Each structure stands twice: as C-alpha cells, then as structure tokens.
Amino acid sequence: MEPLLKVTGLKKHFPIKKGLLQRQTGAVKAVDGIDFEVLPGETLGVVGESGCGKSTMGRLITRLLEPTGGTVEFQGKDISHLGVSGMRPFRRDIQMIFQDPYGSLNPRHTVGTIVSAPFKLQGVEPEGGVKKEVQRLLGLVGLNPEHYNRYPHEFSGGQRQRIGIARALALKPKLVVADEPVSALDVSIQAQVVNLLDDLQQELGLTYVIIAHDLSVIRHVSDRIAVMYLGKIVELADRKSLYENPMHPYTRALMSAVPIPDPRRRGAKSDRILLTGDVPSPIAPPPGCRFNTRCWKATDVCRTEEPPLVELRPGQRVACHHPENAESLTIPGARESLEITTPQPASPKAEAPAEAKAEAPSGPDPAAAEDDAPKA
Amino acid sequence: MTDKLTKTGAAVGEPVATGSAPSDAFLDVRDLKIHFPTDDGLVKSVDGLSFQLEKGKTLGIVGESGSGKSVTSLGIMGLHTVGQYGRQKAKISGEIWLNGRELLSADPDEVRRMRGRDMAMIFQDPLSAMHPYYTVGNQIVEAYRVHHDVDKKTARKRAVELLDRVGIPEPAKRFDNYPHEFSGGMRQRAMIAMALVNNPALLIADEPTTALDVTVQAQILDLMRDLQKEFGSAVVIITHDLGVVAELADDILVMYGGRCVERGPAESVFYEPQHPYTWGLLGSMPRIDREQTERLIPVKGNPPSLINIPSGCAFNPRCPYADVPKGGITRTRRPELAPAGDRHFSACHMPQEERTRIWTEEIAPKL
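Here the structure is a predicted model, which is why all the values come from computation and not from measurement. (Residues numbered from 1 in each chain as written. Chains lettered and ligands numbered in written order. Predicted model: local features only at pLDDT ≥ 70, side-chain atom pairs only at ≥ 80, totals over all residues. Heavy atoms only, no water.)

Enquirer: I'd love a proper account of the layout of surface pockets, names of residues and values included.
Expert: Residues and elements named next belong to chain B. For the second largest pocket, the calculated volume is near 640 Å³. Considering the residues around the second largest pocket, the lining is formed by 24 residues, among which R115, G116, A143, H147 and M194 are closest to the centre. Among the secondary structure elements, those contributing two or more residues to the lining of the second largest pocket are α3 (108-114), β6 (119-122), α5 (136-147) and α8 (184-196). Of all the elements, α5 adds the most residues to the lining of the second largest pocket, at five residues. (1 Å grid on protein atoms, 1.4 Å probe; cavity = no way out; pocket = protein on both sides within 12 Å on 5 of 7 lines; lining within 4 Å. Points joined across faces, edges and corners; volume = space filled by probe spheres on them. Helix = DSSP H or I, 4+ residues; strand = E, 2+ residues; numbered from the N terminus.)

Encoded structure:
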C-alpha cells in the first residue's frame with residue numbers, strides 16, 4: 001500500500017545563538033534523523049519522555065516547522081520546504097489537535113467562529129452553508145449544536161478538546177496529528193475523548209499520528225508505535241510485538257516503569273528496570289547509541305557506533321546493538337546483519353573487531369564522535 | 001441532616017462517636033469540612049470527610065481534579081487561611097487528630113511548630129515549591145534549623161546526608177546548586193529530602209510524580225517506598241493515577257465532589273470496588289498490562305461544580321445505576337458511608353448484593 005506520509009532522515013535543529021553578533025554556538029537537536037511511514041487508515045502512536053522530540057516531530061510533519069534536513073512526503077509529494085502558499089492545498093488534508101484545550105482556542109471567538117475558521121481560510125463554502133456545517137460538526141463530536149454561539153470558557157476541558165477536534169475535522173482531512181490529545185484531561189473524560197477519536201476514525205476513515213507520553217493510552221489507540229529517545233526512533237513496531245516483545249532496552253525499561261493499577265502485582269517488582277539518571281541534553285547527545293549513558297547493556301561499541309534502525313522481526317524495527325528478546329529472530333538475514341553491524345557480546349568471534357574499533361575513542365565523552373557516528 | 005449522616009459515617013469505621021475524645025489512630029480526620037465563600041457562592045471543596053491512618057501505613061487519596069483531594073491535604077497541614085469574612089478565607093470545621101492532638105482547635109503557633117517537624121509535605125511542582133534565589137542546600141538547612149537548635153555546620157552535614165540518601169549524586173557539591181540547576185527528578189528528590197529532614201511522623205505527598213516522566217516516576221516511587229520502610233512514617237499520597245496508588249497505598253480513599261465515596265484496603269478497592277464511580281474510574285483507564293480492550297467505558301458527563309453539588313448522591317447525574325434504588329432516593333438523599341466488606345466502606349444507595357452482582361457480572365468481565 002502506498003504510504004500516506006513518508007518521512008526520511010527528518011531533522012530539526014534549533015540554533016542556539018549567543019553574544020552580540022548572535023553567532024550560532026550550538027544547536028538543540030530536537031529531531032535528529034528519523035524515518036517512518038504512515039499508511040492510510042492506520043494509527044501511528046509516538047511515545048517518549050519529555051524532550052525526546054516527539055512534539056517537534058508532530059510539528060514537522062504538519063509543517064508548522066520547517067525541517068533542517070530530510071524530507072516529508074505526503075501522498076508522494078515532497079512538502080518539506082514548501083512556502084505558505086505552496087502548503088495551502090495540503091493544509092486541508094493535514095490537521096492537528098493540540099494538547100492544551102485552554103490555550104488552543106481563542107477566548108474571544110465563539111465556538112462557531114472557531115470551528116468555521118478553516119472554511120474561511122481555505123475559501124470553502126460547505127454544502128448547506130457554514131452554520132449548518134459547523135452545527136453538524138459539533139454534533140459529530142458530541143457537543144450540542146445549539147452551543148454555536150457560546151465562548152470557550154463556557155465549556156469544560158473535555159468539551160473544549162471536542163471543539164478542537166471539530167475544528168480539525170472541518171475540512172475533511174486525510175491525516176490528523178494529535179499531540180497529547182488527552183493528557184490534560186481527567187481520567188473519566190480521557191476515556192470519552194479516546195472513544196470519540198476511535199469512532200471518528202471508523203466513521204471518516206481517518207489516519208492518525210497520535211503523540212503521547214502515556215504508554216497505556218498509546219497501547220489502546222495505536223496500530224503501530226514508534227518509541228523516541230533524544231531525537232531518534234529507537235524502536236518502531238506494531239502494537240502486539242512492541243508490548244509483548246520489546247526489543248530495545250529503552251522500550252523495555254519504559255514499559256516496566258509504568259505503574260500497574262493492580263495491587264496484587266506489587267510483589268512482582270523484580271522485573272522492573274530502574275533507569276538511573278536523567279535524559280542527556282539534546283544539545284550534546286552522547287556519541288554512539290544515545291541511550292548508552294543509561295543502558296545496562298551498554299558496551300564499547302554502543303559508545304562509538306550509532307546503531308541503525310533495522311528490521312529484526314517482521315514489522316519490528318529496532319536501533320540497538322544488543323537487542324532484548326533477540327533469541328527468536330525470524331527474519332532470515334536479520335541475525336546476520338545484526339551480528340555484522342553489532343557484535344554480540346556472547347559470541348567471541350564477533351566481539352574482536354568491535355574492541356579493535358572501540359580502542360581509539362573509548363569513554364563516553366569524546367566530542368569527536370558526537371553526531372554522525374559511522375553507520376556500519 | 002447531612003452533618004448527622006457524616007458523623008454516623010465516621011463512627012462506622014471507628015468506635016469513637018462522641019467526637020471529641022482522641023482516638024488510637026495516629027491520624028484521625030473526622031467530618032472535615034473546608035468551604036470557601038466566593039462571589040458565586042460557597043465552594044464546598046471538602047464536605048464531610050473522615051478517615052484514619054496508622055503509623056507506617058500509606059493512604060492513597062484518589063479523585064479527579066476538583067474532587068477536593070489537594071484541599072484536604074492543605075487542610076491537614078493547616079495551610080488554609082481561616083476566617084469568616086473576605087475572599088480566599090476558608091471555613092473549616094471538623095476535627096483533625098494527629099498523634100492524640102487536635103489541630104483545628106490548637107493554637108496556630110503550636111501548629112506552626114508541628115509543621116515540618118511532625119508533618120511535612122511534598123508538593124507536585126518542585127520548581128514552584130522551592131525558592132529560586134536560595135540554593136537547594138540552604139533551603140533544607142533552613143527547614144532543619146527552624147526545628148533544631150544546631151549550628152550551620154551540623155545542619156549542613158545533615159542536609160548533605162539526606163541529599164545522599166534520596167539519591168542525589170555528589171551531594172556535597174550539589175548542596176550549593178540552585179533549584180534551576182537540578183533536573184525535574186532531582187528537584188523532586190531534593191523536595192523529599194527537605195520534607196524528611198526533620199524525620200516527620202506524617203508525610204503528605206500531593207501528586208508527587210505527576211510532573212515527572214515515567215522512568216523518573218518509577219525512581220521516585222521506589223525511593224518513597226524505601227524511605228517509608230526506613231523512617232516508618234505515615235504517608236498520605238494524593239494522586240489521580242490509579243497506577244501510583246496501586247504501587248504504594250495500603251488503603252485507598254476515593255473522593256468525588258468533596259466527599260469520600262469509597263474507602264478500603266487497596267486490594268479490595270481494586271478487586272471488589274463497591275461504588276459506581278470507582279467502577280467508572282477503572283473502566284475508563286486504558287491498561288498497559290492487558291491486550292487492548294475493545295473500548296473504554298467512560299463515565300458520562302463532567303465532574304460536578306463544587307458550588308452546586310447535585311442533591312442526593314453527588315454522583316447521581318453521571319451514574320448509570322442511579323435508578324436502580326427505587327423512589328428516586330439517589331436524587332434526594334445523600335448516601336452515607338456504610339460497611340461493604342472487611343474495613344471497606346462505600347457510600348451508595350444500592351444494596352450491597354446488588355452492587356456485588358453488577359460488579360461481578362456486568363463490569364469486571366468488560367475490564
């Protein structure tokens with residue numbers, strides 16, 4: 001199937017400027033080379049901790065930001081550097097739902113104005129008139145169509161999020177990017193909005209990219225999931241494989257850290273992986289694998305060579321030198337490619353070249369190998 | 001009328017009914033009411049809350065925003081400005097017994113001396129709870145020297161010791177850092193050190209991990225569990241996250257509209273919940289430990305306004321079973337907290353057999 005959205009080598013570096021001349025002294029590498037595809041009709045979940053670049057990624061694919069490098073292709077057309085007018089026809093097809101239902105609605109506009117803004121901007125005259133269409137949209141997201149003339153402050157958080165959703169759906173988009181759509185809402189309201197997104201996808205055949213930090217929500221809504229860490233995708237897999245058989249150590253640690261709402265499982269703490277320390281700064285990410293500073297499996301090769309994102313199991317791409325649960329690799333050639341690129345510590349014959357390579361710049365802090373570690 | 005009902009409710013869990021006698025429980029909150037007069041009307045943030053907590057145990061208070069859980073914690077700490085007139089001034093009634101002493105009627109100076117030493121608090125957002133102009137170490141030293149007559153050197157030693165205990169690397173060096181130089185997780189660790197510096201017998205943690213990432217949250221929860229074992233304090237943990245309470249709490253109290261709707265041992269609240277609101281919370285929560293359930297079962301509607309709490313059972317407009325008890329009783333009479341199992345209480349008009357049946361036959365299989 002032709003992907004709806006194809007992202008290749010996407011990068012966004014925010015310059016840090018200092019001094020009188022505002023010379024650039026560095027860059028925050030918020031998104032640093034990611035590849036993925038979104039197929040029509042599916043939901044891609046993007047999960048990661050704060051600062052991993054997931055929101056920046058969302059703003060890049062909706063082209064609210066211009067990428068520093070790489071391409072974003074929507075239905076086969078490269079949109080990565082289009083200007084305002086070039087983007088306009090695509091804006092109809094790509095819409096966004098924002099996290100904060102308080103900040104994303106203009107308090108001085110009525111709901112009718114807010115939801116009808118897309119029609120005005122795109123110069124579209126919907127069938128039966130703007131007002132009728134807005135009322136239909138309000139009904140669609142479960143709001144009372146009579147509330148057309150009310151202001152955002154008259155609504156609760158969950159209802160405001162519904163207004164945001166109605167606005168995103170006004171132009172019948174193909175792709176909806178939702179950045180933390182439910183994290184500002186209470187648990188009971190969260191479920192209402194999650195179900196609404198679900199129903200709308202079924203009804204309208206939408207494709208979603210849902211960005212969230214909550215692994216339980218992501219598990220519930222996604223077909224495929226990308227796990228991000230420090231501007232990179234470390235694992236990209238379908239839901240079942242990812243949750244039942246995570247292969248990247250970070251994915252495993254992340255999932256084991258989620259508190260399980262089950263007091264009887266409290267004794268089973270032994271399988272929890274406690275990561276030490278904090279996420280390093282995206283200004284100077286560690287060389288090699290970015291997770292090596294917190295990874296319990298890190299070896300010398302991890303500190304020097306960046307692992308590529310390779311498919312180790314059907315539908316499961318992992319960027320790790322020492323993946324978890326790697327015993328049952330089923331893709332022919334995956335194991336070989338893994339062993340070539342990433343010497344397993346267990347097999348001595350593969351270990352030798354790694355140590356030879358790692359001899360020169362060892363230790364976690366050589367600035368030389370900072371960014372583009374050679375890919376094997 | 002309601003007063004009487006809640007009094008009886010409190011008496012169910014605790015044989016003390018007279019109201020003024022100190023109880024054996026380490027922390028005993030009886031019929032606590034915290035109301036705020038505003039221009040729009042009286043906000044009944046906490047409206048008749050009672051619970052007990054033993055030393056070395058953890059109570060988890062769960063509820064949505066606006067259910068009164070944070071107001072309760074500030075009330076126990078005596079941090080509301082009290083008065084009859086003016087805005088922002090809370091009207092507080094009821095009793096809070098801590099270690100045999102009643103706090104609400106006590107002299108404010110005495111409560112101030114107890115605050116920090118006997119009871120301490122961990123706030124949700126450590127960046128705003130700490131003073132940005134003072135080093136982290138200084139703030140811990142200050143908390144210590146308020147209650148202990150020691151010189152700066154001893155206090156510094158104690159602070160470094162605690163920073164080390166809560167897992168801050170190079171504590172002696174980090175002592176002189178400002179809060180903004182710490183990461184979110186480290187700030188929360190420093191907050192915990194500050195709260196524990198006087199070895200308080202009661203620790204209240206208000207959403208201690210909500211602002212943190214999940215891997216850091218796991219570290220902090222782990223730390224809190226260890227520290228409780230070590231210090232043996234009673235802990236009240238306030239959160240909206242059922243996962244966090246399941247991890248830490250011995251007992252769980254579910255709040256809705258300023259009242260307790262269900263209270264009991266963690267295991268029975270999770271496995272035999274006796275209130276439709278608790279069912280709603282469990283049903284609307286996506287689970288990471290299970291294969292995708294077809295659909296979440298949300299609670300319809302929105303949380304009530306605390307100015308206009310629905311008459312009868314506060315949950316009745318959102319309750320799918322509001323019409324099960326006959327005669328519209330759910331809309332006219334407030335249900336009292338009644339026993340629903342071993343140390344388990346629930347405030348619902350439905351008969352217990354009916355609730356157990358609904359839970360086992362209709363709700364539990366869908367979760």
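Following the structure, the description resumes.
Enquirer: Let's hear about the interface of chain B and chain A: which residues, and what values?
Expert: Quite often, the size of an interface is put as the accessible area lost when its parts meet. The interface is formed by 50 residues belonging to chain B together with 43 residues belonging to chain A. Summing both partners gives a buried area of about 4,100 Å² for chain B against chain A, and 51% of it is carried by carbon and sulfur. The interface formed by chain B and chain A includes two salt bridges. Among the salt bridges present, the one from D199 of chain A reaches R295 of chain B, with a minimum N-O distance of 2.8 Å. At the junction of chain B with chain A, the criterion picks out 15 residue pairs in polar contact (both at pLDDT 80 or more). (Contact = heavy atoms within 4.5 Å. Buried area = accessible area lost by both parts, 1.4 Å probe. Salt bridge = Lys/Arg side-chain N within 4 Å of Asp/Glu carboxyl O. Polar contact = N/O pair within 3.5 Å; in protein donor to acceptor, adjacent residues only side chain to side chain.)

Enquirer: Provide a residue-level description of empty space enclosed by the protein, including the pertinent values.
Expert: Where empty space is left in the structure can be found by rolling a water-sized probe over the atoms. Residues and elements named next belong to chain B. Counted according to the given criterion, the structure contains ten cavities of 30 Å³ or more. Empty space within the second largest cavity amounts to approximately 90 Å³. Every residue along the wall of the second largest cavity is listed here: Y256, R259, C260, V261, G312, C313, A314, F315, R334, P335 and A347. Partitioned by chemical class, the residues of the lining of the second largest cavity number eight nonpolar, one polar and two charged. (Nonpolar A, V, L, I, M, F, W, Y, C, P; charged D, E, K, R; others polar.)

Enquirer: Give a detailed account of the pattern of salt bridges, specifying residues and quantitative values.
Expert: All names here are of chain B. According to the stated counting rule, one finds 31 salt bridges over all chains in the structure shown. Between D28 and R30 there is a salt bridge, with its nearest N and O atoms 3.0 Å apart. Note on D28: relative accessible area 0%, which makes it buried. Three or more residues are tied together by salt bridges with common partners; here these are E354, R357, E361 and E362. (Buried < 20%, exposed > 50% of the residue type's maximum accessible area, 1.4 Å probe, protein only.)

Enquirer: Which residues make up the sheet that holds strand β1 (residues 27-38) of chain B, and what values do they have?
Expert: Residue and element names in this part refer to chain B. Spatially, the four strands line up as an open sheet ordered β2-β1-β4-β5, and their pairing is antiparallel. At either margin of the open sheet sits one strand with a lone partner, and together these are β2 (41-53) and β5 (101-102). As paired elements, β1 and β2 share ten bridges and run antiparallel to each other. Bridge pairing in β2 links V29 to F51. (Pairing = 2+ DSSP bridges.)

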